[in-house]
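Structure assessment
Here is what each chain is made of, one letter per residue.
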Amino acid sequence: MIRPKKIILFLVLTIFITEVLFAQEKKTSNYIQNIPGVNVKFEMNAITGGEFQMGSGSVETGHKDDEGPLHSVKISPFWISSHEMTWDIYEHFVYQDFDQTKNLGVDAISRPSKPYLDMTFGMGKEGHPAVGMTQYNAVQFCKWLYTRTGVFYRLPTEAEWEYACRAGTETAFSFGNDTTRIAEYVWFSTNSLEKTHAIGSKKPNQWGLYDMHGNVAEWTLDQYIPNYYSQNTGKVQDPVALAKTLYPHSVRGGSFQDAAPALRSAARRGSDARWKRMDPQIPKSNWWLPEAPFVGIRLVRPHITPSKEEIEKFYNQKPIEDY
């Protein structure tokens with residue numbers, strides 16, 4: 001016969017375990033991030049950690065040398081935005097006048113210089129991805145979000161980006177190798193009419209992420225190093241090539257300007273000083289790339305939040321002057 005005290009203890013433990021599991025499940029589920037003070041929000045998708053083969057083999061159509069060798073990479077859990085960041089959200093960071101509240105500390109952070117030309121390039125604003133910002137600008141946007149929400153956001157590493165893009169696949173694209181289906185998933189040179197399109201207007205990948213291929217390319221944290229993969233031997237955990245120079249940084253995903261080979265999950269590209277050739281300022285702007293209307297932002301939130309000191313160090317790195 002089971003004693004009442006043991007029954008009570010059993011029930012208490014069951015409730016406790018259930019609450020812990022529920023909290024863990026809730027912590028790793030998709031969520032909507034509202035931004036206090038402004039009427040905008042975005043969705044973050046939970047990505048389970050795992051192991052994958054990063055890069056591409058020489059037999060893949062469109063393969064380039066900087067995508068090899070194929071190597072095993074382990075990725076820790078994280079959240080990633082289901083869509084590219086839109087002008088609807090980004091303009092609240094760019095233009096201080098858009099802020100409706102003045103008591104959240106956002107006035108003290110660095111803001112982009114107001115662009116001297118239309119950075120939408122006439123391609124569309126409402127629901128369209130924000131484009132043309134420098135990587136430094138993108139990081140400061142993450143800082144603005146942190147000041148607003150208290151949540152640490154950053155750019156994805158190259159490895160995180162490719163892991164999320166592949167969504168468990170090993171094919172050239174997340175939807176397979178058959179490019180006859182590409183228009184179902186991608187805005188690219190063939191169907192874009194040379195402009196961006198509203199986010200989420202094509203099919204997502206298997207993990208619910210939209211526009212990982214095409215529409216706009218996306219900044220990563222990494223310095224672009226052509227032979228970086230050859231430096232990673234054995235099983236690598238959460239690799240990142242920390243940036244030490246202004247150029248090049250790694251950009252992923254391809255854009256509305258690109259043909260199919262540049263949109264592959266493994267395709268890599270480095271940023272270029274020529275993206276600022278039109279900038280008449282000396283030194284050139286830390287904030288804008290007037291000849292890069294094809295690069296934008298996708299956010300990541302790591303499952304384990306860095307310390308306050310680490311966050312401040314990450315956000316407060318000084319930009320490198322560009323002459």
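Heads up: the structure comes first, above all this text.
Quick look at the structure, then. Worth saying up front: this structure is predicted, and the values here are computed from it rather than measured.

Taken across its nine residues, helix α4 (residues 158–166) has nine buried, putting it largely inside the fold. Restricting attention to buried positions, one finds in α4 the residues E158, A159, E160, W161, E162, Y163, A164, C165 and R166. In the segment just after α4, A167 is the residue with positive phi, at about 50°.

To continue, consider the sheet that holds strand β8 (residues 249–252). The four strands are arranged β9-β8-β6-β10 in an open sheet whose pairing can be described as mixed. The open sheet has two edge strands with one neighbour each: β9 (268–270) and β10 (295–296). Bridge analysis of strand β6 (residues 217–223) against β8 gives three bridges, and the strand direction is antiparallel. By the bridge assignment for β8, W219 is matched with V251.

The next subject is the sheet that holds strand β1 (residues 31–34). Across the sheet, four strands lie side by side as β1-β2-β5-β11; this open sheet has antiparallel pairing. Two strands lie at the open edges of the sheet, namely β1 and β11 (300–302), each paired on one side alone. Across this sheet, the average inter-strand angle for adjacent strands is 30°, counted without regard to direction. Sheet topology note: the strand β5 (residues 78–81)/β11 ladder contains three bridges and is antiparallel. Bridging from a neighbouring strand, W79 pairs with R301 of β11.

Basis of the calculations
Residues numbered from 1 in each chain as written. Predicted model: local features only at pLDDT ≥ 70, side-chain atom pairs only at ≥ 80, totals over all residues. Heavy atoms only, no water. Buried < 20%, exposed > 50% of the residue type's maximum accessible area, 1.4 Å probe, protein only. Helix = DSSP H or I, 4+ residues; strand = E, 2+ residues; numbered from the N terminus. Pairing = 2+ DSSP bridges. Axes fitted to C-alpha atoms, helices over the stretch in contact; angles between N-to-C directions.

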